[in-house]
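Residue-level structure breakdown
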Amino acid sequence: RSLVVVHFWAPWAPQCAQMNEVMVALAKEHTQVTFVKLEAEAVPEVSEKYGISSVPTFLFFKNSQKVDRLDGAHAPELTKKVQRYVSSSSVSAGSNDSAKEDLNVRLKKLINAAPCMLFMKGSPKEPRCGFSKQMVEILNKHGISFSSFDIFSDEEVRQGLKTYSNWPTYPQLYVAGELIGGLDIIKELEASGELDTVCPKAQKLEDRLKILINKAPVMLFMKGSKQMAKCGFSKQIIEIINSTGVDYETFDILEDEEVRQGLKTYSNWPTYPQLYVKGELVGGLDIVKELRESGELLPILKGEN
């Protein structure tokens with residue numbers, strides 16, 4: 001079968017159970033598609049190979065090649081992606097135009113996803129070609145704030161963007177939705193001193209972390225949100241804090257790799273979740289459990305201790 005959808009799930013996550021029901025419904029509707037469930041923590045080698053850091057995550061394979069992924073419990077998006085790949089398998093000349101139109105809408109959204117967007121091979125942490133590596137080094141050297149998209153993760157985007165932007169190679173850098181160019185253009189802009197005026201500057205990471213930590217009197221840095229935890233430790237700490245009745249805000253470290261890595265160094269605390277009260281680190285799940293048992297948690301959360 002040409003399309004295989006693999007759901008990386010965990011039995012402790014209620015959102016996975018919901019998405020399993022969505023998959024059952026989709027399987028009835030699209031009998032030509034194979035749907036597979038994999039318990040992420042039971043197959044760590046596979047999860048690591050495909051970069052599964054939260055559940056639910058869906059990987060899409062076409063003719064044994066990974067063509068797409070979806071992170072999180074987004075039933076409409078899962079349905080849309082399955083329908084798109086099913087229709088592209090049996091695309092006719094007539095529907096080809098509408099498929100192209102859908103892709104262009106998606107490309108426009110991606111290009112405008114951040115003020116400065118880099119389409120590259122791999123990620124800024126792990127570039128997968130020399131040109132992408134050089135581009136990231138230049139942007140980082142100039143303190144430029146940018147988001148990136150790995151064109152290896154989506155063949156449709158990889159091919160479509162070349163036509164959309166009329167630029168045949170990668171990396172490609174966009175600012176405010178406009179194509180700036182590839183590595184050679186960026187090198188020219190750097191040499192002429194124009195790069196700093198064209199691209200937005202990054203806020204210093206330390207300043208950004210301080211602002212985030214002090215965003216609310218009680219701040220929890222976790223995997224997922226208080227509505228939908230994406231790891232067992234985060235789920236447990238939320239249940240404990242909820243039981244105190246104290247108001248708090250959360251930050252999903254899976255949404256921002258810079259914060260995820262930077263906060264470990266800043267706070268000298270290597271794991272998540274991390275709980276802060278009035279800008280001071282309290283600790284992780286084990287510390288919070290100890291404080292609850294000793295009766296100290298509530299006064300600390302209220303800022304009394």
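The shown structure was predicted, so the numbers you read here are calculated from the model rather than taken from an experiment. (Residues numbered from 1 in each chain as written. Predicted model: local features only at pLDDT ≥ 70, side-chain atom pairs only at ≥ 80, totals over all residues. Heavy atoms only, no water.)

**Remarks on the overall build of the protein**
Check the secondary structure of the protein and you find 13 helices and 12 strands. Taken over the C-alpha atoms alone, the protein extends approximately 70 × 60 × 30 Å along its principal axes. Expressed as a percentage of the 305 residues in the protein, the buried residues total 41%. Carbon and sulfur atoms make up 50% of the accessible area of the protein, which totals about 16,200 Å². (Helix = DSSP H or I, 4+ residues; strand = E, 2+ residues; numbered from the N terminus. Buried < 20%, exposed > 50% of the residue type's maximum accessible area, 1.4 Å probe, protein only. Areas by Shrake-Rupley, 256 points an atom, 1.4 Å probe, with all protein chains shown as cover.)

**A closer look at the sheet that holds strand S7 (residues 172-175)**
Across the sheet, 4 strands lie side by side as S6-S5-S7-S8; this open sheet has mixed pairing. Two strands lie at the open edges of the sheet, namely strand S6 (147-150) and strand S8 (178-181), each paired on one side alone. The mean angle between the axes of side-by-side strands here comes to 30 degrees, regardless of whether they run parallel or antiparallel. Bridging between strand S5 (residues 116-120) and S7 involves 4 bridges; their strand directions are antiparallel. From the neighbouring strand, Met117 faces S7, where its bridge partner is Tyr174. Helix-sheet contacts for helix H5 (residues 130-141) involve S5, S7 and S8, and the interaxial angle to S5 is about 160 degrees. (Pairing = 2+ DSSP bridges. Axes fitted to C-alpha atoms, helices over the stretch in contact; angles between N-to-C directions. Contact = heavy atoms within 4.5 Å.)

**Some thoughts on the domain arrangement of the protein**
Each assigned domain of the protein is listed here: domain 1 (3-88), domain 2 (97-198) and domain 3 (206-302). Each of domain 1 and domain 3 was reduced to a C-alpha centroid, and the two centroids are 29 Å apart. Listed per partner, the contact involves 8 residues of domain 1 and 9 residues of domain 3. Here domain 1 meets domain 3 over a buried area of about 670 Å², counting both sides, of which 62% is carbon and sulfur. In terms of surface lost to domain 3, no three residues of domain 1 exceed Trp12, Gln15 and Ser53, which account for 61% of the buried area on that side. The tally of links from domain 1 across to domain 3 stands at 0 salt bridges. Taken together, the links from domain 1 to domain 3 amount to 1 residue pair in polar contact (both at pLDDT 80 or more). Across the side of domain 1 that touches domain 3, the residue classes break down as 4 nonpolar, 4 polar and no charged. (Domains from an automatic or database assignment. Buried area = accessible area lost by both parts, 1.4 Å probe. Salt bridge = Lys/Arg side-chain N within 4 Å of Asp/Glu carboxyl O. Polar contact = N/O pair within 3.5 Å; in protein donor to acceptor, adjacent residues only side chain to side chain. Nonpolar A, V, L, I, M, F, W, Y, C, P; charged D, E, K, R; others polar.)

**Some thoughts on helix H6 (residues 155-165)**
Every buried residue of H6 is accounted for by Val157, Gly160, Leu161 and Ser165. The buried side chains of H6 occupy one side of the element, clustering within an arc of 115 degrees when seen end-on. Here H6 starts with a cap whose side-chain oxygen sits 3.1 Å from the backbone nitrogen of Glu156, and that cap is Asp154. Of the residues one or two after H6, Asn166 is the one with positive phi, at around 55 degrees. (Arc of directions from axis to C-beta.)

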